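# Notes for the structure review
What follows is the residue order along each chain.
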Amino acid sequence: MFDKVAALLDLYGVYDRVERDHLLGLARQVFRLPRWQDDFVGPDLDVSMLDFLWLESVAQRVRCYGPVLVPEPLRTSEYVEAVVRREVKDVSDAQVGWWVRAFRDRRQALDNGRVTSVRAVLAESVLRRQVGGLTSTLPSQLDHLAKLGRSDRIQVRVLPPEAGYVPWTDGWFTVFELPEPYPPQVACTGHLHGVAVHEGPVAEEYSGMFDQLWDAASMASESAALTGRLANHVPIDSTS
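Taken as a whole, this structure holds eight aromatic pairs when the rule is applied. An aromatic cluster of at least three residues, connected via ring pairs, comprises Phe 52, Trp 172 and Phe 176. A cation over an aromatic ring shows up here: Arg 106 above the ring of Phe 103, its NZ or CZ 4.8 Å from the ring centre.

A few words now on the pairing of strand S5 (residues 185-191). With five of seven residues buried, S5 is to be regarded as a mostly interior element. Alignment of strand S4 (residues 173-177) against S5, held across five bridges, turns out to be antiparallel. Paired with Phe 176 across the two strands is Val 186, which belongs to S5. Across five bridges, S5 lies against strand S6 (residues 194-198) in antiparallel orientation. For Cys 188, the partnering residue across the bridge sits in S6 and is Val 197. Where S5 folds back on S6, the antiparallel hairpin that results is connected by two residues, among which Leu 192 adopts a positive phi of roughly 50°.

Helix length check: helix H9 (residues 220-233), at 14 residues, gives a terminal C-alpha distance of 20 Å against a target of 20 Å (1.5 Å per residue), a fit within 8%. For H9, the set of buried residues is Ala 220, Ser 223, Ala 224, Leu 226, Thr 227, Gly 228, Leu 230 and Ala 231. Against helix H7 (137-148) and strand S3 (154-159) lie the buried residues of H9.

A separate point is the pairing of strand S2 (residues 117-123). For S2, the buried fraction is high: six of the seven residues fall into the buried class. Note: strand S1 (residues 61-66) against S2, six bridges, orientation parallel. In the sheet register, Arg 61 faces S2, and the bridge partner there is Ser 117. The pairing of S2 with S3 spans six bridges and is classified as parallel.

All right, on to unusual backbone geometry then. Unlike most non-glycine residues, Asp 90 shows phi in positive territory, near 55°. Inspection of the secondary structure puts Asp 90 in the loop between helix H5 (77-87) and helix H6 (93-111). Within the chain, Trp 168 stands out as a residue other than glycine whose phi angle is a positive 70°. By the secondary structure assignment, Trp 168 is in the loop between S3 and S4.

Those residues of H5 that fall on the buried side of the exposure criterion are Ser 77, Tyr 79, Val 80, Ala 82, Val 83 and Val 84. Looking at the buried positions of H5, the neighbouring elements they touch are H6 and H7.

The subject of this paragraph is the packing of H7 against H9. Interaxial distance between H7 and H9 falls to 8 Å at its minimum, and their mutual angle equals 155°. By the angle between their directions, the pair H7 and H9 is classed as roughly antiparallel. Helix-helix and strand crossings are classified by hand; for H7 and H9 the assignment is left-handed. For the pair H7 and H9, the contacting residues are Pro 139, Leu 142, Asp 143, Leu 145 and Ala 146 in the first and Ala 224, Thr 227, Gly 228, Leu 230 and Ala 231 in the second. Its residues assigned to classes, the contact of H7 with H9 comprises seven nonpolar, two polar and one charged.

Thresholds applied
Residues numbered from 1 in each chain as written. Predicted model: local features only at pLDDT ≥ 70, side-chain atom pairs only at ≥ 80, totals over all residues. Heavy atoms only, no water. Phe/Tyr/Trp six-rings, centres within 6.5 Å; stacked < 30°, edge-to-face > 60°. Lys NZ or Arg CZ within 6 Å of the ring centre and 35° of its normal. Buried < 20%, exposed > 50% of the residue type's maximum accessible area, 1.4 Å probe, protein only. Helix = DSSP H or I, 4+ residues; strand = E, 2+ residues; numbered from the N terminus. Pairing = 2+ DSSP bridges. Expected span 1.5 Å × (residues − 1). Contact = heavy atoms within 4.5 Å. Axes fitted to C-alpha atoms, helices over the stretch in contact; angles between N-to-C directions. Parallel < 35°, antiparallel > 145°, perpendicular 65-115°, else oblique. Left-handed = near helix turned anticlockwise from the far one by under 90°. Nonpolar A, V, L, I, M, F, W, Y, C, P; charged D, E, K, R; others polar.

Structure representation (structure tokens):
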């Protein structure tokens, strides 16, 4: 696909660098998207979810807020499985396996160095919320978060209960910072079973809200220490 598009651009005399890079970049993404759609056991993904996956695949910096669950880029495989079994009605083991593989691929993509910075803010209640699954699901997720919190590139902060309320932050959102020639910032928010994508002034508002949450949250070192303590002492309830 990529080579064919490059050949067509040469044929039609498209040599402007910005335009050429933009079209070749789209060709690369079109080539990659079928991995989310053409798997026999994979779900039929909403167009907005495909947009979210594409944004994640090209972003240089990611900022995410989780008021109820751990943000997707930071989840362990066991946590992913537990959430999918709760959220997807009559899901099969094969479909659960697809979701786990997809999250693992996405996490590896974030770890390959293309994303220069990941910042996440989690409400403290997220660290105590059982999601089902094995008895070790939540403790292992917390241990994973605590280790991530010691990284320079991936920073995690916990928003304590006494922190002041930042308006319009009662739902999860992610802000992607993109390279040229794409919009500098795009924000995604939860919308039933899909994702709402925001650009321009709305994306800037979400960026500002994240900065307020980041400033209100505990420092990364304190957050990692709290998460580590909870990993060793969180109450276990496998029936929740």
